[in-house]
Amino acid sequence: RGGQPVPLTQTEYRLLEVLATNAGRLCTHRFLLERVWGPGSQQEGRYLRAAIVDLRSKLDDPSAPELLVTEPGVGYRFVVPD
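Residues numbered from 1 in each chain as written. Predicted model: local features only at pLDDT ≥ 70, side-chain atom pairs only at ≥ 80, totals over all residues. Heavy atoms only, no water.

**As for the environment of Pro62**
Position of Pro62 relative to the elements: it lies in the loop between helix H3 (45-59) and strand S2 (68-71). In the structure, Pro62 is positioned 10 residues away from Ile52 in sequence and 9.7 Å away in space, judged by C-alpha atoms. Here Pro62 is in contact with Arg56 and Ser57, once residues within four sequence places are set aside. (Helix = DSSP H or I, 4+ residues; strand = E, 2+ residues; numbered from the N terminus. Contact = heavy atoms within 4.5 Å.)

Right under this line is the structure:
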C-alpha cells in the first residue's frame, strides 16, 4: 500500500488472491467461503465479514471502500484501480 509491503494473514492473503483472480466480477459469499475456508463452510459468514474488514483496514479506506466493494446481501467485488 503506497509502495510499502502490507503484512497479511494466510486467510487474508487467500481471500485477496481469490478476489483479485476474479477482479471486476461479483464473488458471492458462498463462492468466497468455499474457496477460502473450504466446502461446507457456508455457515461461517462472520469469518468472511471479519476478514473483509481486516483487509479493508490494510488495503482500502474502510469508510469509503474503492478496492473491496460490498454488493449488499450477495458478496464482494475487487475493483481494479484505473
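**Considering the packing of aromatic side chains**
This model, assessed by the stated rule, comprises 0 aromatic pairs. In this structure, Arg46 is placed above the aromatic ring of Tyr47, and the distance from its NZ or CZ to the ring centre is 4.9 Å. (Phe/Tyr/Trp six-rings, centres within 6.5 Å; stacked < 30°, edge-to-face > 60°. Lys NZ or Arg CZ within 6 Å of the ring centre and 35° of its normal.)

**Brief notes about the pattern of salt bridges**
Pairing is possible between side chains that carry opposite charge, provided their charged atoms lie close to one another. This model, assessed by the stated rule, comprises 5 salt bridges. Here Glu34 makes a salt bridge to Arg30, at a shortest N to O gap of 3.4 Å. Of the two residues, Glu34 and Arg30 are both situated in helix H2 (residues 29-37); the distance of 4 residues between them amounts to about one turn of the helix. With a closest N to O distance of 3.0 Å, Arg77 and Glu71 form a salt bridge. What you see here is one network of salt bridges that share partners, running through Arg30, Glu34 and Arg35. (Salt bridge = Lys/Arg side-chain N within 4 Å of Asp/Glu carboxyl O.)

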